Structures are given as C-alpha cells and as structure tokens.
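# Structural overview
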Amino acid sequence: MSESKDSQECTLAKTFDAQTIEPVIAELWDNANAFAAGAGRVEGEDSFTIVIPPPNVTGSLHIGHAFNNTLQDILVRFNRMQGRDVLWQPGMDHAGIATQMVVERQLIENQEPNRHALGREKFVEKIWQWKEQSGGLIFNQLRRLGASCDWSRERFTMDEGLSRAVLEVFISLYREGLIYKDKRLVNWDPKLLTAISDLEVEQIETKGNLWHFKYPLEPGISYQHPFNLDEEGNKSDWKPSQGEPAGYDTRDYLIVATTRPETMLGDTGVAVHPDDPRYRDLIGKRVILPLVGRKMPIVADQYPDPEEGTGAVKMTPAHDFNDFDVGNRANLRRINILTQDGNIFLKENNDFLEELESTHELLDTMSRLHGKDRFEARTLIVQMMDTRELLAKTEPHKHMVPHGDRSGVPIEPFLTDQWYVNAHELAKPAIASVREGRTNFVPKNWENTYFNWMENIQPWCISRQLWWGHQIPAWYGPDGEIFVEKTEDEAQLAADAHYGESVSIERDADVLDTWFSSALWPFSTLGWPEKTPELSRYYQTDVLITGFDIIFFWVARMMMAGLHFMKDEKGTPIEPFHTVYVHALVRDKYGAKMSKSKGNVVDPLELIDQYGADALRFTLANMAVQGGDVKLDPARVAGFRNFGTKLWNATRFAEMNGVQFDPQFEPQEAKLTISRWILAELSIATEEITTKIENYRFNDAASAVYKFVWNHFCDWYLELLKPVFSGEDNDARKESQACAAYVLADIYKLLHPFMPFMSEELWQRTATRDTLLCHARWPSAVSGDHEAADEINWLIELVGEIRSLRAEMAIKPSRVMSLIVTNADKTIIDRVQTHDAAITRLARLESVEIATAAPKGSAHIAIGNTSYFLPLEGIVDFSEERSRLEKELKKLDGEISRLDKKLGNERFVANAPEQVVVEERQKLTGYRSQKDKMTAALGRINEE
RNA sequence: GGGCGGUUAGCUCAGUUGGGAGAGCAACUGGUUUACACCCAGUAGGUCACAGGUUCGAGCCCUGUACCGCCCACCA
C-alpha cells in the first residue's frame, strides 16, 4: 500500500486479550479514581444513586451476583456518561449466622478451642480477625467484573457508623412502642440454638406418618361414636356432612391424629369443634394423656375441622403454632418438654411434673424418654403406644415440614422471650407508597407479591441467640425491668434512677437479625443519623436492583425503615428508592436452580478467565428479559466473546486503512451517501439503546448494540468502504476515514456500559483522548436521512439478491460475470454508477451495464420497477432458472391472492386504519409488478 | 388451599400498546475476497400447547382445558 493512501501498520493484536488487558484497564480507572462519587459529572446535572445489595462478608462471587451487579453497572455507567452525579455505594453485610458458622468451622479445622471455650469477647475478636484476612473476597471479584462502585466509600454493616444507625433505630422504635419484648412461640433452630424469623424457615415436603392415638376418657365416661358401612359391610369413618350414620359404637376414648408423637408429652388438652355432633356432649369432660397420666380438658374451638381426620385434635400449646393460639383462647397450660437442642426434657421439669401423680407408668416414661433426641423419642413413643394398644392406625402421610434455611434441620416451635418489631404498623406507609406509585416495581407484577406479603405481615422476630452482630441495647435490672439506652452508662443511670439506688444491671446477650441493619442500608451508608452532605445529595436513591428472592427479606424492610426515619423538611416521608427492578434468578441451561449439591453451578470467575468479563457481562445483559428466568449456557458466553472480537477486528481494519479520529469532522456536513446512511443508522441505534436502558430493557439494548455493530457497521459499512479506501477519490476517502472514526467512537460509548474493558481499551488506543471513556459524554441521536437510507437499502437488497441467486444457481464464487440493468429510471442509473465499485465487489461481478433490452439466456431479479439480469449462457442449465422462477412465482401468487382477498373485503377497507390499508395496497402493487417481470423472464427462457 | 409465571424453529429464547412470526446456537451448501475461521456468503426449519370467543384481522385481548415451574399458607 502506498503512503498516499494513509495506510499504516496495525498496532492492535489480532484478538482482544482479556486476561492481560482487563487488569490494566481496571488499574487505569483505579488510578484516576474514576468511580468516586460525582466523578465525571456535568455541573448542574442530577444525582443518580444505587446502593449495592450488600453481599455477605463470607461470600464469593456467584453467578447471581455477577448478574445483579452487571445490571447495576450498566445503569451506573450509563448515567455517569450522561453527566450525572453518580454514586454507586458498595458495602458488605456481616451476615450473622453465616459468618459465625464459618469461623466456628474454622476453629474446628484448626483444632482450636470452640467458641464456648473462648468466650464471647475472644470469639467475636476472632471473627473480626477473620474478616480482616478472608472477608470481602467478593469485592476483588466484583472489580474483575468491572463494577464501577465508589470503592472509597465501602461500608460494612458492623462499622461504627452503621452500628450507630442501628442503635438509633432500635431505641427510637422501642420508645415508640414499635419494638417490644414478648414471650410466644418462635421458630427455633435446635442446631444453631437461636430463634429465626418466618422468612428463614423453608417448608420442605417430607414423607412421614399420621399416627392415630387413642386417648382414654376419664373413668366412667363414654359416648356414642357414629360409623358408616361400606359395600362389604365394614365400618368406616363418618363425617358430619354425610347425613345419618349407619350405627354407633360406644367408646370410652377419643382418637386423635398427629404427625409428631414426641410432642404429646406436652399435650394439655383436646379440641373439638363446638358444633360437631360427635363430641358436643364431651366438651368440658376430660381425657387422660397416655404414658403420662395428665388429666386434660376437652375444649371447644373453631379451629378443628369436623370434616378432617376424627374431628378431635390434641393440643400441644408449647410446641405448635396453632395449638398455641387455641391454648390462648381455651386457657390451656403450656408445657415445654424439649431442651433447646431438641431433646426430651422431663426430669426436674416443673412445668411437666405439675399436677401429675407419680405413678409407675410416669416414672417408666420418664426414664425411657428423658434426654432422648426428638426423633428417637418419636419412634419410642409410637412403640409404647402400640404396646398399650393405644395406636389405632398408622397412615403414610406427606406433609410440609419447616426447616431452618441455614442449618437444614427441622425447626422447633419453641416458647421463648424474644424481641419483636411491630411490622404490621410499619408496613402501612410502605404499602401506601407502592399503592400510590411513589415507588414502582419493574416489572409491575411483583407489586402483587409485595402487597400480599405486606398485608399479611407478622411480627418480626429480630433477636438472635448469636454472638456476631449488633448486640441489643437493653439492660435488665434486678427484677427484670428493661432499660433500653445507647450505652451501658446511660442504662445504669436510668436503672439507678428507676430504683432510687445503685443497682447492678445486666445486658441482653442477644444480637439483632442481620436484616435489621440491612433495612437501614440506603441511609445508614450515607452517614445517617448524622446530617451529612452525602445524605442530602444522594438520598433518595434511585433504583434498587435485586432478585425476587429478597423482596421480603430486604426490599420490604428498607421501605418500612426508610419511610419511618427519612423525612423531608415538611416531614413527608421519603422512600428509599423510586424504582425497584426485580430480576430473575440465574439457572443452569436446563432451567434448574444452581446448587452445589447438584453440581451444576456455573462459576462466573471461570467464565471471566475463559472469555473475559466483557463477554460474561454482555451475555448476562442479553438474557435480562423482564419476567423470565435466566438460563445460562456457557456456549453463549463464547458467542458474545466473538462479538467483542468482531468489533476489535473492525477497529484493526479501520486502523489499517488510515481511519483516524478527526475533531474537525461534522456529521451534519457529510456528503457521501454511505456516510449519511451509517450516521442515520447510528442515530437510530443510539436512540434505541438509550431508550431501552432507560426502560430497563437490558436485553433489547444489548441486542441493539450487537446488531448495529455487526450487521450494519461490519457487514455493510466497512465492506462498502473497501473500494473507497482503495479508490482514487481522495475526498471520498478522507471523509470516510473521518466518518468511520466518528462512528467507531460512538460505538465504544454505546457499548461501554455492557463491555467496559474492551471499549475503554479501544477508546484509549484509537486516539489521544482528553477523557476516559467511562467519563465520556453519551451520544445523542439526531434525525435520520431517508434519502441515504433508501439508496443504501436498495444496494443491500440488490447485492443480497445477486448473492442468493448465485448460490442457488450454484455459480462458483470465482466466476465473475456482468450485471445487465434494464428499465432503470434516472435515480437507479445514478445509483448504479455511484456504487458500481461496491456492487461489483460485493456481488463478485465483472461489470454493471445499463441496457434497454433483456439479454438472452439470463437469470432475472426484480427490484422495484427495475430488472437486473445475470447472463447464464454456458454457465448453468436453464432448467434450474426455470424452476427457480416458477418457485418464486408460486410464492408471489400466494401473497397476491391473500392480499387480493384482504383488500376485497369491504369490512377490512372500512374498518382498518387508513395507513394499514395503504400499506397493503402498496404491497400488492409491488408483488404484481414483480410478478409481471418474473413472468416475462420465464417467457423468455421458455422461448429460448 | 391461594397467588404468579411459562408452553413460539432441533436447542435456548425474543416478540412493549392486535395488521401473516424473529435472534443466537446447532444443521446443511459453499468460501484464502484489504480486518476478523472467535470469520464470510447462502439454505432449510414453526397448526405460535389445545378448545372456544371478541375483531375486518389474534402469537398478542377474553373464557376454559392440559402439562411444567415458582412463591405464599397453621391442615391435626
């Protein structure tokens, strides 16, 4: 190549080496402090804030994080390029149970003393040490993904500042009566030895049995129990809905059913429905609890369903949530017969022993069952009941058993003192905000889920019997009086004042549920309760991006906390965010949930190693369809890596042809049709990408970039430029070089939110830039140029038709031939002349000639009113062309008759919008003219 | 039991206000052309789950059915 054509050596490698370059770019951003809040902003622009869903301090990056953070980063980078004052607030969650478990496990592995041996203070110290050394791994991984958080503002839920916020919130809510202490049943985890909230309980379907036990009535009491007879004359159960029973048995016992025999030791009654005719006369009478000998009342309650089971239900108020409620209404005793770790507890259990006679049977029961594990006790009790002929029936039974989501063991409803938040009260404004559109869910249907939960919300149990977390700021006086204060000193003062003397107080040992501090995240991270500049600038945050699995855990609670504590000058509550974008969970390529046990986990870091962060991000963005699951097939990541390579090579090609950024270039002044065309296409793409990101249509935005780069820019624009670059027209070449550079620069910008590394690298390498790409101004769309578009679209269609025809006719690619154009008007003649070089090159022709008559022995193409012929004589068999034309004609006939019918339908013409009718008419005219030409061509072939 | 979502090409999925269905991958045919084989050109492939209804017109709206998935729920 000669110097005069500005050609130069290419400085880019053949492919983008993500492994090497991504870290370099990351460092470039780091050194420039490129993601600090407000970096790159334009004076006067609004702020844009996202708080990261804080990952667990124990966590490492899984594919869900990668997805979630990719979407956040797209929005953040997009807004930063819009010139907004952007803050992406990063941070981590102390993750109470999870972290404590990790460190405890580590102690075991290192054969160090366990936490009880260490004591609370030392153990917590160990966790802090662990956090400093091993915690927060995930942040480096997020950096590798390209997450543009303001890392200098990293927060931790156990930070001093955030802990102050927790303290403030707890104390305020306590003083307002919205936090209180209560003794009621909680979900108790017998393995982790702590209470957990309803949300941390997972219902798992389990195969079990329904055991039917006979509970004898007090001596001397009996009743008539109805029965039915089946066809074979056997007795069967009778239900109140079945009319008259076949007969009655005299019974001196009741039959109750249970899935949990081990809890019967804590039974304190039997409940029946007040209207159940079978038991009406027994209400107020007593039964005797087998194995124990406790005399328990038969009580009436609405809870038992006469149509279910036997209609009589044993009551264990201390070990079952329903029974607890019934017990409250019927005034039944609560007897706890389990220890914290789920063993039977009878000896020296005063609740249990109260009112019992010390019979031989009781002593036997106690010696056989005391201290036994709850499941072992279940088997034993069934055996003991069977031995006494009190086991009426054993039915296999599938039911949902609550399990602790962390420990995986069945949870135990357990009677303890715990702290609760009055969620019902706090939920009211949170519901109203969404109801009234001040906070919006995207997609909107998640609002139903939100309402459904919020409207049925239960008191939130916030105390945990753990050591890692925010210790509850409550102290107890000698008689149990509670003093909630910020510090021990203040509590001491309050206590002394209360008692009128100096007393010793003791702090509540429990810590708060981790989600309690997470609920404050959107304002605690900004410095609240201090009135910081950040708080006023960045709160309310803009959009929260999260998976649907934590709407309840987190979104709902942030709404409650934010609305309660954040107010404007007029005292109007401010929502923590105006939009909640809820994305799907990432599943494997078969749609199954990823889990370690299934072995189908896709490790995002492996994908990054293999294909680069950009490729992974682009894949995830492409799959972020609103509503659907995301099924990730690693093969797709390879495909999008290829997309990156394509652009990389397009840049290489441009560079090799002297394409250089020219600040003088004004797109409005472009003269060449191809320039005006690609600029118009660029504008359309810009408009679409912008709108789609603004509407959280990440997949549409990504595919719009993809299409523009690959199908418009590479497939056509660069191909069309090849003859220009090698041609003699210096002005045309110069404009093309400047125009290509201009378009490329915009491509880098448009691509940047999706593929930040490669786009930044190309941006930096293709010109001397006065800014980082991540701070460059987002392009704006300008109006299109229809004339140029028509012309190039004609060109594309023509070349496409010729290519198809050549392939169908099996004409060798190496064979060049002429194209004969007939029936061309001035416009077409001009176009043919202008694009002669491009057409011959792209369609592999020798020349393009204007003629007045169709040449002999040629294949025919009709576009608009013009005919194009490829001479085939001596090249192919004409029967090929004949059958091709016949096939085309058949297709056209189909279309024509369809349109004829449609347009012949008066009601269509009358009712359809004017524009649709016009379009259909135009289509019909087009097909007809094409048909005419095809018919003529066929006629010629048949003559020859 | 309640609620939500899905069913479109061999596979994975798009299809935003109703005007005869698209992409990527896979398949098939061909290809050393000023970048790119992680490429280029071309081809084939669909009763849009089923049945009704509304409409001039339905993948899209309505009703029902079947199958699949998820969430919530106190069935002893």
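Here is what the cut-offs are and how they apply
- Residues numbered from 1 in each chain as written.
- Chains lettered and ligands numbered in written order.
- Predicted model: local features only at pLDDT ≥ 70, side-chain atom pairs only at ≥ 80, totals over all residues.
- Heavy atoms only, no water.
- Helix = DSSP H or I, 4+ residues; strand = E, 2+ residues; numbered from the N terminus.
- Rg over C-alpha atoms; globule rule 2.2 N^0.38 Å.
- Buried < 20%, exposed > 50% of the residue type's maximum accessible area, 1.4 Å probe, protein only.
- Contact = heavy atoms within 4.5 Å.
- Areas by Shrake-Rupley, 256 points an atom, 1.4 Å probe, with all protein chains shown as cover.
- Core = buried A, V, L, I, M, F, W, Y, C linked by side-chain atoms within 4.5 Å.
- Salt bridge = Lys/Arg side-chain N within 4 Å of Asp/Glu carboxyl O.
- Polar contact = N/O pair within 3.5 Å; in protein donor to acceptor, adjacent residues only side chain to side chain.
- Expected span 1.5 Å × (residues − 1).
- Pairing = 2+ DSSP bridges.
- Axes fitted to C-alpha atoms, helices over the stretch in contact; angles between N-to-C directions.
- pLDDT = per-residue confidence, 0-100.
- Parallel < 35°, antiparallel > 145°, perpendicular 65-115°, else oblique.
- Nonpolar A, V, L, I, M, F, W, Y, C, P; charged D, E, K, R; others polar.
- Near = heavy atom within 4 Å.
- Disulfide = S-S within 2.5 Å.
- Phe/Tyr/Trp six-rings, centres within 6.5 Å; stacked < 30°, edge-to-face > 60°.
- Lys NZ or Arg CZ within 6 Å of the ring centre and 35° of its normal.

Counting secondary structure elements, chain A contains 31 helices and 32 strands. Here chain A has a C-alpha radius of gyration of 39 Å; the compact-globule value for 944 residues is 30 Å, and the former is much larger. Expressed as lengths along the three principal axes of its C-alpha atoms, the size of chain A is roughly 120 × 80 × 55 Å. Taking all 944 residues of chain A together, 52% fall into the buried category. Here the contacts in chain A between residues at least 6 apart in sequence split such that 78% fall between residues at least 24 apart. Within the structure as shown, chain A displays about 42800 Å² of accessible surface, and the carbon and sulfur contribution to it stands at 47%.

What follows covers the nonpolar core. Core analysis: the largest hydrophobic core is formed by 213 residues, its most contacted members being Tyr450, Met454, Phe516, Phe713, Tyr717 and Phe754. Here the element with the most residues in this core is helix H23 (residues 698–726); it accounts for 16 residues. When sequence neighbours within four positions are dropped, the list of residues in contact with Phe754 reads Ile74, Asp614, Arg617, Phe618, Ala621, Ile693, Phe698, Ala701, Ala702 and Val705. Ranked by size, the runner-up nonpolar core spans 45 residues in total, among them Trp211, Leu291, Phe414 and Cys461.

Next up on the list: the pattern of salt bridges. Any two side chains of opposite charge can pair, so long as their charged atoms come close to each other. Under the defined criterion, the tally for this structure stands at 42 salt bridges. Between Arg464 and Asp513 there is a salt bridge, with its nearest N and O atoms 3.1 Å apart. Of this pair, Arg464 sits in strand E20 (residues 463–464) while Asp513 sits in the loop between strand E24 (511–512) and helix H15 (514–518); the two residues are 49 residues apart in sequence, bridging distant segments of the chain. Both residues of the pair, Arg464 and Asp513, count as buried. One network of salt bridges, with partners in common, ties together Arg260, Glu262, Arg374, Arg378 and Glu412.

Secondary-structure assignment places Tyr253 in strand E11 (residues 253–258). Judged by relative accessible area, Tyr253 falls into the buried class, the value being 18%. When the C-alpha positions of Tyr253 and Leu217 are compared, they lie 4.9 Å apart, and in sequence the two are 36 residues distant. Excluding residues within four positions of it along the chain, Tyr253 makes contact with Lys214, Tyr215, Pro216, Leu217 and Tyr223. Here Arg251 takes part through its side chain, which lies 3.4 Å from a polar atom of the side chain of Tyr253.

Taking 1.5 Å per residue, 30 residues should reach 44 Å; helix H31 (residues 914–943) reaches 44 Å between its end C-alpha atoms and fits that length. Turning to H31, its buried residues are Val917, Glu920, Leu924, Ser929, Lys933, Met934, Ala937, Leu938 and Ile941. Of the surrounding elements, those touching the buried residues of H31 are strand E31 (858–863), strand E32 (866–871), helix H29 (878–904) and helix H30 (906–911).

Here the focus is the sheet that holds strand E23 (residues 506–507). Whenever strands of a sheet pair, they do so through backbone hydrogen bonds, lying parallel or antiparallel. Strand order in the open sheet made by the three strands is E22-E21-E23, with antiparallel pairing throughout. In the strand order of this sheet, the two ends are held by strand E22 (482–484) and E23, each with one partner. Pairing analysis gives two bridges linking strand E21 (residues 474–476) to E23, with the strands arranged antiparallel. Its bridge partner lying in E23, Tyr476 is registered against Glu506. In the packing of helix H14 (residues 488–499) onto the sheet, contacts are made with E21 and E22, and the angle to E22 comes to roughly 140 degrees.

This paragraph deals with the confidence of the model for chain A. Chain-level statistics for chain A give a pLDDT mean of 90 and a share of 97% at 70 or above. The secondary-structure element of chain A with the lowest mean pLDDT is strand E27 (residues 586–588), recorded at 68, while strand E2 (residues 85–89) shows the highest, at 97. Below a pLDDT of 50 lies the segment residues 1–7, which in the model reaches 13 contacts outside its immediate sequence neighbourhood of four places, other chains included. Complex prediction metrics read pTM 0.92 and ipTM 0.94.

The next point concerns the packing of helix H21 (residues 634–656) against helix H25 (residues 756–766). Running from amino to carboxyl end, H21 crosses H25 at an angle of 5 degrees, the nearest separation of the two axes being 11 Å. The angle between H21 and H25 places the two elements in the roughly parallel class. For the pair H21 and H25, the contacting residues are Gly644, Leu647, Trp648 and Thr651 in the first and Met758, Glu761, Leu762 and Thr766 in the second. In terms of residue class, the contact of H21 with H25 is made up of four nonpolar, three polar and one charged.

Turning next to the protein's contact with RNA strand B. In the vicinity of RNA strand B there are 51 residues, among which Glu308, Lys631, Lys722, Ser726 and Pro913 approach most closely. For RNA strand B, the backbone portion of the atoms within 4 Å of the protein, that is sugar and phosphate, comes to 50%. One nitrogen or oxygen atom from the side chain of Asn657 is found 2.8 Å from a base oxygen belonging to RNA strand B. Between RNA strand B and Asn905 there is a distance of 3.0 Å, counted from a sugar or linking oxygen to a side-chain nitrogen or oxygen. Listed by contribution, the elements that provide at least two residues to the surface near RNA strand B are strand E16 (391–404), H21, H23, helix H26 (786–808) and H30.

Moving on, we come to the state of the cysteines. Applying the stated rule across the entire model yields zero disulfides. Take Cys149: it sits in no disulfide, and the sulfur closest to it among the cysteines is that of Cys774, at 13 Å.

To continue, consider the pairing of strand E17 (residues 412–421). Of all ten residues in E17, nine are buried, a share of seventy percent or more. In this structure, strand E5 (residues 179–189) lies alongside E17, joined through ten bridges in antiparallel fashion. In the sheet register, Lys181 faces E17, and the bridge partner there is Trp419. Note that E17 and strand E19 (residues 460–461) share two bridges and pair antiparallel. Paired with Val421 across the two strands is Trp460, which belongs to E19.

Another point: unusual backbone geometry. Of note, the amide linkage connecting Val442 to Pro443 takes the cis form, showing an omega dihedral of -5 degrees. Counting through the fold element by element, Pro443 comes out in the loop between strand E18 (440–442) and helix H13 (446–455). At Tyr696, a residue that is not glycine, the phi angle is positive and equals roughly 60 degrees. For Tyr696, the location among the structural elements is in the loop between helix H22 (673–694) and H23. The exposure class assigned to Tyr696 is buried, which follows from its relative accessible area of 13%. If you check the backbone angles, Arg844 has positive phi at about 55 degrees while not being a glycine. When you line up the elements, Arg844 lands in the loop between helix H28 (836–842) and strand E30 (845–850). Overall, the relative accessible area of 40% leaves Arg844 in the partly exposed class.

All right, on to the packing of aromatic side chains then. Applying the stated criterion across every chain yields a total of 37 aromatic pairs. Among the aromatic side chains, those forming a connected cluster through ring pairs are Phe618, Phe640, Phe643, Tyr706, Trp710 and Phe754. Above the ring of Phe156, the side-chain terminus of Lys131 is found at 4.2 Å from the ring centroid. Arg557 extends its terminal NZ or CZ atom over the ring of Trp460, reaching a point 3.9 Å from the ring centre.

Our next topic: the environment of Arg733. Positionally, Arg733 belongs in helix H24 (residues 730–751). A relative accessible area of 5% means that Arg733 is categorised as buried. Between the C-alpha atom of Arg733 and that of Ala701, which follows or precedes it by 32 residues, the distance is 32 Å. Of note is the side chain of Arg733, whose polar atom sits 2.4 Å from the side chain of Asn730.

Turning to the sheet that holds E18, a few remarks are in order. Read across the sheet, three strands follow the order E18-E26-E25 without closing on themselves; strand pairing throughout is parallel. Only two strands of the sheet have a single neighbouring strand rather than two, namely E18 and strand E25 (541–547). The mean angle between the axes of side-by-side strands here comes to 20 degrees, regardless of whether they run parallel or antiparallel. Here three bridges tie E18 to strand E26 (residues 577–583), and the two strands are oriented parallel to one another. Counted as the bridge partner of Asn440 is Thr579 from E26. Across the face of the sheet, helix H2 (residues 63–81) comes into contact with E25 and E26 while running at roughly 155 degrees to E25.

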